[in-house]
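Take a look at the letters that make up each chain.
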Amino acid sequence: MEINLTGFALVLLAMGALALPMGHWLAKAFEDERHWALERLSYRALGVDPAERMGWARYGLALLLSNAAMMALGYLVLRLQGWLPWNDLGNAAQTPDLAFNTAASFITNTNWQAYAGESSLSNATQMLAITFLMFCGATAGVAAAGGFIRGLARASSQDLGNYWVDFMRVLWRVMLPLCFVMALVYVWQGMPQTLDSQAVATTLEGARQQIVLGPVASFETIKHIGTNGGGFFSMNAAHPFENPTPLTNTLHILSMLLIPSALTVTCGLMLARRRQGWVFLGAFVVMFIGFLALVYGAEQSGNPLLTAAGADQQLSASQSGGNMEGKETRFGIAATALFVTTTTAATTGSVNAMHDSLTPLGGLVPLAQMMLNCVFGGDGVGLINLIQYAILTIFLAGMMIGRTPEFLGKKIEAREIKLVMLSVLAHPASILGFTALAMLWPDTPASLANRGAHGFSEVLYAYSSGTANNGSAFAGFNANTPFFNTTIGLAMLVGRYLTLLPLLAVAGSLAAKKTVPEGPGTFPTATPLFMGLLVFVVLIVGGLTFLPALALGPVVEQLQMLAGQVQP
């Protein structure tokens, strides 16, 4: 156990070490007054003026309309797949509802897949639609974080910067260079990177076997660095072509945590309040460690029903080392638990094990992290969501001491709180509303592999994953139907834009305010006390909102397991 705990500590230390230079590089990209040649060419090609100053409404509109155009382009490619080149396997076009779901999924940084990648998409579609949208969705999220932080840092201003400048700088200076270097490392580790669609091998028995290939290494880089998720193959990061070695497994984890953790450093630098950035990083880490301990402990304990069976000694012995169902033996429980926690904390959705095979308490962890949506969170939006809770925390603290709450030298008033609550409530409204609708839908039972509490958890997980822009799933659930493709696609759009745009409005509102000097009643926000209070508010708000739904799913399933009852 000491080795496992040491491994967890080393990964978190490596994350912190990488967050410092990455955070400085992002801050420089957002604040640099010069434009690279590639950026200037991009502005000319798009016909945009990099000198234009944008208020929050203009900034948000540019983000929304550009994402809509990219989603439409992705939808078109998916619908025309049968006529595109590099389709040696003859894969047909996706149906209208599946293409909508896929295009919405990848532009919103969700990467939910209601299809098997290697048997459904050609290499052309994997690159022109999927990889293209992964870059666009992740870059838009980081750009939005830059504009949001800039709004917090400014006073008496309507200016959040220029969305196109932020987008192009993140793309050219961060995403593409990082992904290029990481792709070379992945190819070195054995990942395929080719335009060939297949290789035919002769087995030892003399049979001929078709092995699907493609540009896997380039897919995997933006998949994890962009906190996208999804998989070139349906087995995702459990597939040896997507995750061939323990080193790639560790690099996947660090890639997912890289930008969400680094943005806390960027935030501190841009606000000229470095300690504030460390407080935000500390809040992320505290919640992350708590959830990691929960899932690791649950999976290490195993399933008592199998242990009690006893008649099958081999089955009973397999539980002595913990719950290995659905896990790769080459990774084991510790590396799997760390991956499970990371991929749902950073809302990536990449998986190296089947989440449907987790113990009920272990399965509660990815569900809870997606419901909170701010345990690191996705690229850009995770930090924005945490600051949303920081504002709510300041408001509650101000109410307790009877003073107008202040955050970063700005008074928090009714307008900001209304916008924050709109964002806070949109997230559970989407998850719980769509889950309730699905449970009433007459065709839902046909999509469930399990009934009872676990069947409910499968549906709840699907809409939590879609709304949180995560993309992982409980694999026993068939979501490739017109109803689920449409409603989960809508949940993705709600979870991305109906939570992000109100917070850009908060940044615009705070940017227009004057800075007020700190007084004796000002509650300091760059302290361990505030960090603890922030984590408490996140957990309490999330708990009060989602506990009834969790009680109907993983909680009751855990209690049934402990009572010796088998799920139907």
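Since the model is a prediction, treat every value here as computed from it, not as a measurement.

Q: Teacher, can you tell me more about the environment of Thr 131 here?
A: If you trace the backbone, Thr 131 turns up in helix H6 (residues 123–153). Assessed through its relative accessible area of 13%, Thr 131 is described here as buried. Those residues within four positions of Thr 131 in sequence are excluded, and the remaining contacts are Gln 126, Phe 219 and Ile 222. Only 2.8 Å separates the side chain of Thr 131 from the backbone oxygen of Gln 126, close enough to count as a polar contact.

Q: Explain the pairing of strand S1 (residues 198–202) to me, please; I cannot follow it from the model alone.
A: Two faces, one strand: in a regular strand the side chains alternate between the faces of the sheet. Examined bridge by bridge, S1 and strand S2 (residues 208–212) share five bridges and lie antiparallel to one another. Residue pairing in the sheet places Ala 199 in a bridge with Ile 211 of S2. Taking the residues that link successive antiparallel strands as the turn, the S1-S2 hairpin has five residues, and the phi of Gly 206 there is positive, at about 95°.

Q: Please clarify how the side chain of Asp 97 should be interpreted in this entry.
A: When you line up the elements, Asp 97 lands in helix H4 (residues 96–107). Buried within the structure, Asp 97 lacks any salt-bridge partner; its nearest side chain of opposite charge belongs to Arg 79, at an N-O separation of 8.1 Å. For Asp 97, the residues in contact, after removing those within four places along its chain, are Thr 481, Pro 482, Asn 485 and Thr 486.

Q: What am I meant to see in the side chain of Thr 248 here?
A: Along the chain, Thr 248 falls in helix H9 (residues 246–270). If we ignore the near neighbours within four places in the chain, the residues touching Thr 248 are Tyr 186, Gln 189, Met 191 and Asn 243.

Q: Sorry, what's going on with the packing of aromatic side chains here?
A: Scanning the model with the defined rule gives 18 aromatic pairs in all. With centroids separated by 5.4 Å and ring planes inclined at 70°, the aromatic side chains of Tyr 163 and Trp 164 adopt a geometry described as edge-to-face. Note on accessibility: Tyr 163 and Trp 164 belong to one class, buried. Between Phe 219 and Phe 232, the ring centres sit 5.8 Å apart and the planes meet at 90°, which makes this aromatic pair edge-to-face. Taken as a pair, Phe 219 in helix H8 (residues 216–225) and Phe 232 in the loop between H8 and H9 lie far apart in primary sequence, 13 residues in all. What makes Phe 232 buried here is its relative accessible area of 1%. Among the aromatic residues, those joined into a ring-pair cluster are Phe 434, Trp 441, Tyr 463, Phe 477, Phe 483 and Phe 484.

Q: Just checking my understanding: could you explain helix H18 (residues 482–511) for this structure?
A: For an α-helix, 3.6 residues make a turn, and residues three or four places apart therefore share a direction. A rise of 1.5 Å per residue sets the reference length of H18, with its 30 residues, at 44 Å; its end C-alpha atoms lie 43 Å apart and thus fit the reference within 8%. Burial analysis of H18 places 23 of its 30 residues in the buried class, which makes it a mostly covered element.

Q: Any chance you could explain helix H13 (residues 332–345) here in plain terms?
A: Over its 14 residues, H13 runs 20 Å from end to end, which matches the ideal 20 Å to within 8%, given 1.5 Å per residue. When you tally the buried positions in H13, you get 13 out of 14 residues, the bulk of the element. Positive phi appears at Thr 347, one or two residues downstream of H13, with a value of about 45°.

Q: Honestly, the layout of surface pockets in this entry has me stumped. Any pointers?
A: Regions of empty space are outlined by a rolling probe, equal in size to a water molecule, passed over the atoms. One number sums up the size of the largest pocket: a volume of about 490 Å³. Contributing to the lining of the largest pocket are 24 residues, with Gln 113, Tyr 115, Ser 234, Ala 473 and Ala 475 lying nearest its centre. When grouped by side-chain class, the residues that make up the lining of the largest pocket number 13 nonpolar, 11 polar and no charged. Around the second largest pocket, the lining comprises 18 residues; the ones closest to its centre are Asn 303, Glu 325, Leu 358, Pro 360 and Glu 557. Where the lining of the second largest pocket is concerned, the elements lending two or more residues are helix H11 (304–309) and helix H19 (528–562). Looking at the lining of the second largest pocket element by element, the count peaks at three residues for H19. Of the residues that constitute the lining of the second largest pocket, the class distribution is six nonpolar, nine polar and three charged.

Q: Please clarify how the state of the cysteines should be interpreted in this entry.
A: Disulfide: a covalent bond formed between the sulfur atoms of two cysteine residues. Across all of its chains, the model carries zero disulfides by this definition. Cysteine Cys 136 shares no disulfide, and the gap to the nearest cysteine sulfur, in Cys 179, comes to 12 Å. With relative accessibility at 7%, the residue Cys 136 sits in the buried group. Cys 179 gets classed as buried once you look at its relative accessible area, which sits at 4%.

Q: In this structure, what is going on with the pattern of salt bridges? I would like to understand it.
A: Applying the stated rule across the entire model yields 14 salt bridges. Note that Arg 53 and Asp 159 form a salt bridge whose closest N and O atoms lie 3.8 Å from each other. With Arg 53 in the loop between helix H2 (37–46) and helix H3 (56–79) and Asp 159 in the loop between H6 and helix H7 (163–188), this residue pair connects regions lying 106 residues apart in the sequence. For Arg 53, a relative accessible area of 47% translates into the label partly exposed. With a closest N to O distance of 2.9 Å, Asp 166 and Arg 150 form a salt bridge. Taken together, the residues Asp 166 in helix H7 and Arg 150 in helix H6 connect sequence positions 16 residues apart. Neither Asp 166 nor Arg 150 differs from the other in exposure class; each is buried.

Q: In this structure, what is going on with a nonpolar patch on the surface? I would like to understand it.
A: Together, Leu 73, Leu 76, Leu 80 and Trp 83 line one region of the surface with nonpolar side chains, adding up to about 450 Å² of accessible area. Mapped onto the elements, Leu 80 comes out in the loop between H3 and H4.

Reading guide: rules and limits
- Residues numbered from 1 in each chain as written.
- Predicted model: local features only at pLDDT ≥ 70, side-chain atom pairs only at ≥ 80, totals over all residues.
- Heavy atoms only, no water.
- Helix = DSSP H or I, 4+ residues; strand = E, 2+ residues; numbered from the N terminus.
- Buried < 20%, exposed > 50% of the residue type's maximum accessible area, 1.4 Å probe, protein only.
- Contact = heavy atoms within 4.5 Å.
- Polar contact = N/O pair within 3.5 Å; in protein donor to acceptor, adjacent residues only side chain to side chain.
- Pairing = 2+ DSSP bridges.
- Lys, Arg positive; Asp, Glu negative; His and termini not counted.
- Salt bridge = Lys/Arg side-chain N within 4 Å of Asp/Glu carboxyl O.
- Phe/Tyr/Trp six-rings, centres within 6.5 Å; stacked < 30°, edge-to-face > 60°.
- Expected span 1.5 Å × (residues − 1).
- 1 Å grid on protein atoms, 1.4 Å probe; cavity = no way out; pocket = protein on both sides within 12 Å on 5 of 7 lines; lining within 4 Å.
- Points joined across faces, edges and corners; volume = space filled by probe spheres on them.
- Nonpolar A, V, L, I, M, F, W, Y, C, P; charged D, E, K, R; others polar.
- Disulfide = S-S within 2.5 Å.
- Patch = residues over 30% accessible without salt bridge, like charges linked within 9 Å, V, L, I, M, F, W, Y side chains within 5 Å.
- Areas by Shrake-Rupley, 256 points an atom, 1.4 Å probe, with all protein chains shown as cover.

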